[in-house]
Amino acid sequence: MTVTENASAPSAALPPLAARTRSIGGSPVRDILAVTARPEVINFAGGLPAPELFDAEGIAAAYRDVLAEVPARALQYSTTEGEPVLRAALAARACARGLDTDADDILVTTGSQQALSLLATALLEPGDTVLVESPCYLAALQAFGFAGARVVAVPGDQDGIDPEALAELVLRERPKLLYTVPTFQNPTGRTMPAARRAAVAEVAGRCGLWIVEDDPYGELRFEGERVPWIASFDGARDRTVLLGSFSKVMAPGLRLGWLRGPAELRRACAVAKQAADLHTSSVNQLAAARYLSDRDLDAHVTRVAAAYGARRDAMLAGLADALPAGSAWTRPEGGMFLWARLPERYDTTALLPGVVRHDVAYVPGAPFHAGEPDRATLRLCFVTQTPDEIAEGLRRLGKGLREAGREASREA
């Protein structure tokens, strides 16, 4: 056969993609951000920190110093577990917040989202059961679904997971783990009180359950008193994996997160990480460690939290006029999000395209539910815009909801 004849032969079909890539959809938040990327859109949909509040000068100085003083180390491969100087700094911060931690307890990850993926790899077999809050952080649902887990929502209330319902589900479903964001939860903004955390820890100890405690927002407190981590309660000390991140307190572009957990599970996650990316960026880790050494991150976070608190107040001040009569919403003491529920007749997914025509966006609540979705709910991020922009965005939101609601009523 000649080369010409071979080139004209029909091509065979390629093997299909893995089933898990076909069964797990993309992120609705990312899809909305792509649609609403126009600069005139006031976007309450994303979970984006305010860029004007980044300490760009301090971070740039940290990179300059690291590259000037230890360029070979900064630009070279590193250990999978993470740079020792950064792990030591992270351990010191945990100790200062009441959780005894050694540098060896820490595994540095490429963002805390990678920590979720590593835990899913290390803990879950296809068909295993994972318990989550309702509603739940969307990317966690994706990570567990991608691992082939069966995800079950635990009933709860304004204080989070109901410990009695949790105990019943553990006995009935035999889950591998419980995933929770107990402080300034995404998407609701609610915080689990200390007594509820102690009860959840007791269930985990008595019934045999891993707890994955995700804490990306806990330092962004505007008011009230700090609540201890679940990992600090006796019943949970040997079975809780605590996740942290610099994305919300330093800058998300650094892609630096970490997990603190028991040795056997941490080693399994390190093996999974070796297969994923070998190690997290050396230069980013060293720059973050230098920043922690030279700058006062806590003072920076205090300034950011004060600005975010004013933005939360601006959003709370305008919600009554923006949302339909009969709506209800949370009042978070910190974090980045609040959660609203419109009257039963509203479907926030169906209404969104009409609202976006008014150059404002939110995230519908339905995708955040592992079970039956509440279609009248939505999430609003209040930190990315200034108070004046928030006021204008809520004006647009109110107009958009009214017009989209009238159109939906006519079509019905």
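The structure this text deals with has already been given above.
Residues numbered from 1 in each chain as written. Predicted model: local features only at pLDDT ≥ 70, side-chain atom pairs only at ≥ 80, totals over all residues. Heavy atoms only, no water.

**Quick look at the pattern of salt bridges**
Then, number 1: On inspection of all chains with the given rule, the structure shows 28 salt bridges.
Then, number 2: Between E69 and R290 there is a salt bridge whose closest N-O contact spans 2.8 Å. Residue E69 is located in helix 4 (residues 56-69), and its partner R290 is located in helix 12 (residues 282-294); the two are separated by 221 residues in the primary sequence.
Then, number 3: One salt bridge connects R221 with E333, and the closest N-O pair in it is separated by 2.9 Å. One end of the pair, R221, is in the loop between strand 8 (210-214) and strand 9 (240-245); the other, E333, is in the loop between strand 11 (328-329) and strand 12 (337-341), and 112 residues separate them in sequence.
Then, number 4: Here the salt bridges share partners, and the residues they tie into one network are D65, E69, R290 and D294. (Salt bridge = Lys/Arg side-chain N within 4 Å of Asp/Glu carboxyl O. Helix = DSSP H or I, 4+ residues; strand = E, 2+ residues; numbered from the N terminus.)

**Considering the nonpolar core**
Then, number 1: Grouped together as the largest cluster of nonpolar side chains are 95 residues, with contacts concentrated most on F144, Y179 and F246.
Then, number 2: It is helix 13 (residues 297-322) that provides the largest number of residues to this core, a total of 9 residues.
Then, number 3: L131, I161, I211 and I230 belong to the second largest nonpolar core, which has 21 residues in total. (Core = buried A, V, L, I, M, F, W, Y, C linked by side-chain atoms within 4.5 Å. Buried < 20%, exposed > 50% of the residue type's maximum accessible area, 1.4 Å probe, protein only.)

**A word on the sheet that holds strand 14 (residues 363-364)**
Then, number 1: Read from one edge of the open sheet, 4 strands run 11-12-15-14, paired in antiparallel fashion. Two strands bound the open sheet, and with one partner strand each, they are strand 11 and strand 14.
Then, number 2: Strand direction decides the pairing type here: strand 11 and strand 12, joined by 2 bridges, are antiparallel. Its bridge partner lying in strand 12, W329 is registered against A340. (Pairing = 2+ DSSP bridges.)

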